[in-house]
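# Summary of structural features
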Amino acid sequence: MSHSHSHPHAEPQGPQPLPGVNAIITVGSGKGGVGKTTLSVNLAVALARMGHKVGLLDADVYGPNVPLMLGTQEAPQVIGENRILPAERYGLRVISVGLLNPGDKPLVWRGPMLHSIIRQFISQVEWGALDYLIVDLPPGTGDVAISLIQTVPVTGAIVVTTPSDVSLQDARKAIEMFKQVKVDILGLVENMSFFVCPHCNHEIDIFSKGGGEHTARQFSLPFLGRIELDPDIRKGGDSGHPIVLEGESNPHAKSIFAFAREVEKRVKEIREADGGSVVEIS
Ligand SMILES: Nc1ncnc2c1ncn2[C@@H]1O[C@H](COP(=O)(O)OP(=O)(O)OP(=O)(O)O)[C@@H](O)[C@H]1O
């Protein structure tokens, strides 16, 4: 794949819609390690399980963990001059820097390369018809989000936080950033909210509790749910078998499906507010 042969003057001005893609949803966090990739992957698989056509774009070019969490190493195919066929896994179409051949990826990303890879991942990939394209952003409020927003209209952003004060502080920065660039925020989701002791069945608030909901209220944003700290969620990620594959009735997957249903509802609201241009894919 070429990263640097595009001519700036040949690129269209402003974000261009992706034909056939109903909603583009970013998952971001401000702080790293809060479970952003875990939730992106599980959200994407859950939405697919709920009957939607879903794509997952791993925009974390520095630390692409999506392939590991999906248990795939399938390299995307290049077709023709410059079209990329996404990998397929658990009914998702997937693209990640982590799936590219070592020769195709640089060790260090310079700003322009970063911009160009995000552009390629959006416009040169054969995403086809999708109900949702989920974009897993790198932590922070940086360049990748801006590149994405300049490339394509983003339907809405999900901000992931834990209930801890440091995480909430960074979540606020992420919220401010999205507000500044005028991207609708779907809402806040609180990960690692609490822990149910397997011995006594009591809920233990590891990082304290309720901060996510409180922060959502402060910013007048919807609260999309709380996901418990659950060793089975972690194991699902490490083994490349996301917990939601166990189905909605599985106790370890339940809260993630509830979150996915909130996302579904919010996207519908935003699309209807946009003028009802909802694309139904059957
Ligand atoms: N609800 C949860 N319960 C248990 N473990 C979790 C949960 N969410 C995430 N984890 C685990 O926490 C670790 C970090 O998660 P993850 O890689 O998804 O975070 P991240 O925010 O994407 O990190 P980074 O932004 O640094 O890439 C992983 O080992 C993951 O399995």
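Everything discussed here concerns the structure shown above.
These numbers come from a predicted model, not from an experiment.

How each quantity is defined
- Residues numbered from 1 in each chain as written.
- Predicted model: local features only at pLDDT ≥ 70, side-chain atom pairs only at ≥ 80, totals over all residues.
- Heavy atoms only, no water.
- Phe/Tyr/Trp six-rings, centres within 6.5 Å; stacked < 30°, edge-to-face > 60°.
- Lys NZ or Arg CZ within 6 Å of the ring centre and 35° of its normal.
- Helix = DSSP H or I, 4+ residues; strand = E, 2+ residues; numbered from the N terminus.
- Expected span 1.5 Å × (residues − 1).
- Buried < 20%, exposed > 50% of the residue type's maximum accessible area, 1.4 Å probe, protein only.
- Contact = heavy atoms within 4.5 Å.
- Pairing = 2+ DSSP bridges.
- Salt bridge = Lys/Arg side-chain N within 4 Å of Asp/Glu carboxyl O.
- Axes fitted to C-alpha atoms, helices over the stretch in contact; angles between N-to-C directions.
- Parallel < 35°, antiparallel > 145°, perpendicular 65-115°, else oblique.
- Nonpolar A, V, L, I, M, F, W, Y, C, P; charged D, E, K, R; others polar.

So, about the packing of aromatic side chains. Across all of its chains, the model carries zero aromatic pairs by this definition. The ring centre of Y90 lies 4.4 Å from the NZ or CZ of R89, which sits over that ring.

All right, on to helix α3 (residues 111–123) then. Each α-helix turn comprises 3.6 residues. Residues three or four places apart therefore point the same way. Under the 1.5 Å per step criterion, the end-to-end length of α3 is 18 Å for 13 residues, consistent within 8% with the ideal 18 Å. Within the sequence span of α3, burial applies to M113, L114, S116, I117, I118, R119, Q120, F121 and I122. Among the structural elements, β2 (54–58), β4 (83–85), β6 (92–96), β7 (132–136) and α4 (143–151) are those in contact with the buried residues of α3.

Its 14 residues place the ends of helix α1 (residues 36–49) 20 Å apart at the C-alpha level, agreeing with the 20 Å of an ideal helix rising 1.5 Å per residue. Summarising burial for α1: 13 of the 14 residues are buried, a large majority. Just downstream of α1 lies G51, where phi reads positive at about 105°.

Of all five residues in β6, four are buried, a share of seventy percent or more. As paired elements, β2 and β6 share five bridges and run parallel to each other. Paired with V54 across the bridge in β6 is L92. With three bridges connecting them, strand β5 (residues 87–89) and β6 associate as antiparallel partners. Across the sheet, residue A87 finds its bridge partner in β6, namely V94.

Turning next to the pattern of salt bridges. Side chains carrying opposite charge are able to pair once their charged atoms draw close together. Evaluated as defined, the whole model comprises 11 salt bridges. The salt bridge involving R261 is made with E248; its shortest N-O contact spans 2.9 Å. Note that R261 is positioned in helix α8 (residues 254–273) and E248 in the loop between α7 (231–238) and α8, a separation of 13 residues in sequence. Looking at R261, the relative accessible area reads 37%, which means it is partly exposed. On the basis of relative accessibility, which here comes to 33%, the residue E248 falls in the partly exposed class. Between E269 and R266 there is a salt bridge, with its nearest N and O atoms 3.0 Å apart. On the criterion of helical spacing, the pair formed by E269 and R266 is a turn pair, its members being three residues apart in helix α8. Of the residues examined, E269 reaches a relative accessible area of 40% and is grouped as partly exposed.

Time to look at unusual backbone geometry. Within the chain, K182 stands out as a residue other than glycine whose phi angle is a positive 60°. Although it is not a glycine, S220 adopts a positive phi angle of roughly 55°. Given the relative accessible area of 65%, S220 is considered exposed.

Attention shifts here to the packing of α1 against α8. At a closest axis distance of 9 Å, the pairing of α1 and α8 adopts a crossing angle of 75°. Classified by the interaxial angle, the pair formed by α1 and α8 is roughly perpendicular. Across from L39, N42, L43, A46, L47 and R49 in α1, the residues of α8 making contact are I256, F257, F259, A260 and V263. Here the residues of the contact of α1 with α8 sort into nine nonpolar, one polar and one charged.

Everything listed here is a matter of geometry and, on its own, says nothing about what the molecule does.
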